[in-house]
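One-letter residues, chain by chain:
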Amino acid sequence: MTTRERTKTPGVYRRESAERMHNGRPDVCFDITYKAGGKKVWEKTGWLSEGYNERLAGQIRAERLRSIRHGEELPKQKAKAPRFADAWARYAKWAETNKARGGRDDVSLYRNCIEARLADKRLDEISAFDLERVKHDLAKEG
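Now for a look at the structure at hand. (Residues numbered from 1 in each chain as written. Predicted model: local features only at pLDDT ≥ 70, side-chain atom pairs only at ≥ 80, totals over all residues. Heavy atoms only, no water.)

Below, the discussion takes up the side chain of aspartate 31. One can find aspartate 31 in strand β3 (residues 25-36). Within the structure, aspartate 31 has its side chain in polar contact with the side chain of arginine 4 (distance 3.0 Å). Among the polar contacts made by the side chain of aspartate 31, one reaches the side chain of arginine 15 at a distance of 2.5 Å. Ignoring anything within four residues of it in the chain, the contact list for aspartate 31 reads Arg4, Gly11, Val12, Tyr13, Arg15, Trp42, Glu43, Lys44 and Thr45. (Helix = DSSP H or I, 4+ residues; strand = E, 2+ residues; numbered from the N terminus. Polar contact = N/O pair within 3.5 Å; in protein donor to acceptor, adjacent residues only side chain to side chain. Contact = heavy atoms within 4.5 Å.)

Our focus in this paragraph is the packing of helix α2 (residues 84-98) against helix α3 (residues 104-118). At their nearest, the axes of α2 and α3 sit 12 Å apart, and the two run at 175° to each other. One finds that α2 runs roughly antiparallel with respect to α3. Facing α2, whose interface residues are Phe84, Ala85, Trp88, Tyr91 and Ala95, α3 presents Asp106, Val107, Tyr110, Ile114 and Leu118. Grouping the amino acids of the contact of α2 with α3 by side-chain chemistry returns nine nonpolar, no polar and one charged. (Axes fitted to C-alpha atoms, helices over the stretch in contact; angles between N-to-C directions. Parallel < 35°, antiparallel > 145°, perpendicular 65-115°, else oblique. Nonpolar A, V, L, I, M, F, W, Y, C, P; charged D, E, K, R; others polar.)

Turning our eyes to something else, we now look at the nonpolar core. Burial of nonpolar side chains together is a common tendency in soluble globular proteins. Grouped together as the largest cluster of nonpolar side chains are nine residues: Val12, Val28, Phe30, Ile32, Tyr34, Ala36, Ala57, Ile60 and Leu74. Within the residue set of this core, elements represented by two or more residues are β3 and α1 (54-69). A total of five residues in this core trace back to one element, the largest contributor, which is β3. Apart from residues no more than four positions distant in its own chain, valine 12 is found in contact with Glu5, Arg6, Thr7, Phe30, Asp31, Ile32, Glu54, Ala57 and Gly58. Core analysis: the next-biggest nonpolar cluster, separate from the first, contains seven residues, Trp88, Ala92, Tyr110 and Val134 among them. (Core = buried A, V, L, I, M, F, W, Y, C linked by side-chain atoms within 4.5 Å. Buried < 20%, exposed > 50% of the residue type's maximum accessible area, 1.4 Å probe, protein only.)

The values are spatial; any link to function lies outside them.
Rendered as structure tokens:
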């Protein structure tokens with residue numbers, strides 16, 4: 001796959017395939033980009049051989065922008081990552097039957113060191129910096 005090339009239509013890009021052919025020429029794939037939830041999203045719309053073109057990709061992008069503006073759910077939107085507290089609850093249940101002392105050591109560590117700092121964050125929101133901050137704070141506390 002080659003790199004994306006900007007088209008005349010805002011937010012629509014094209015890329016030629018090195019493997020796929022259409023009418024004796026490299027097939028072209030159209031991608032769109034937009035912002036959703038503060039993040040840049042790239043979405044493949046389709047191939048020229050499947051009937052997609054720059055204009056249709058632009059219309060699809062316009063639909064996505066309207067959906068975002070009106071608070072509607074986007075197609076193929078990823079399910080949100082669970083909160084740390086929810087993941088912890090599943091782990092604690094597993095640890096109760098599978099770890100030494102019924103996982104009581106882990107429960108203590110969670111309640112005393114982690115819960116206040118990370119429980120309300122989604123797993124995909126926890127960064128390496130957050131973990132370093134937890135380590136730093138715990139080291140300061142002794």
